[in-house]
Amino acid sequence: MAVERTLSILKPDATRRNLTGRINAALEAAGLRIVAQRRIWLSTAEAEAFYGEHKARGFFRDLVSFMTSGPVVVQVLEAEGAVARNREVMGATNPANAAEGTIRKLFAESIEANSVHGSDGPESAAREISFFFAAVDIVG
């Protein structure tokens, strides 16, 4: 399996509750290396652009509103099979369906406020990483 990079976002519900360290510890314990990271507050325009693929869906406005409600931590994770590994440690989108010990089972407040976002494949990971980071920002 090849070394990959994937994007991770610690959502406003997680930063509001000071869970950054605990979530990062879970990611690192799963063998994911944090090779870039910064705390930002997304503007409406940035959130709309980032989640643009969902624009036609009923939840789009609520998603944008939620993601701009507080600071987030955007980060690049690196490991063999990073995309799949991150998705496994995050758990199911709906925390009620997430496996025990996953980030969403441990920390999510709801299906929307589920503490983390992760890229769903290598192509989306490349696109999402480049949305937030220049190559010079990633130190592996």
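Residues numbered from 1 in each chain as written. Predicted model: local features only at pLDDT ≥ 70, side-chain atom pairs only at ≥ 80, totals over all residues. Heavy atoms only, no water.

## Some words on the side chain of T102
To keep things clear, this is the line we draw: Secondary structure is summarised from DSSP: a helix means a run of H or I of at least four residues, a strand means a run of E of at least two, and numbering begins at the N terminus for each. Remark: exposure states derive from per-residue accessible area (1.4 Å probe, protein chains only) relative to the maximum for the residue type, with buried under 20%, exposed over 50%, and partly exposed in between. We call two N or O atoms a polar contact when they sit within 3.5 Å, provided that within protein one can donate a hydrogen and the other can accept it, with sequence-adjacent residues counted only if both atoms are side-chain atoms.
Mapping T102 onto the fold places it in the loop between α5 (82-90) and α6 (103-107). What makes T102 buried here is its relative accessible area of 7%. Among the polar contacts made by the side chain of T102, one reaches the main-chain carbonyl oxygen of A99 at a distance of 2.7 Å.

## Remarks on the sheet that holds strand β1 (residues 3-10)
Condition: Strand pairing follows a simple DSSP-based rule, namely that at least 2 bridges must link the two strands. Note on definitions: angles span 0 to 180 degrees between N-to-C directions of axes, and those axes are lines fitted to C-alpha atoms, for helices only across the stretch in contact.
Strand order in the open sheet formed by four strands is β2-β3-β1-β4, and the pairing between neighbours is antiparallel. The open sheet is flanked by β2 (33-40) and β4 (116-118), the only strands paired with a single partner. Geometrically, the sheet is characterised by an average inter-axis angle of 20 degrees between neighbouring strands, direction not taken into account. Across seven bridges, β2 lies against strand β3 (residues 72-80) in antiparallel orientation. Looking at β3, one finds that R39 is bridged to V73.

Remember, this is a structural readout, not a statement about activity or role.
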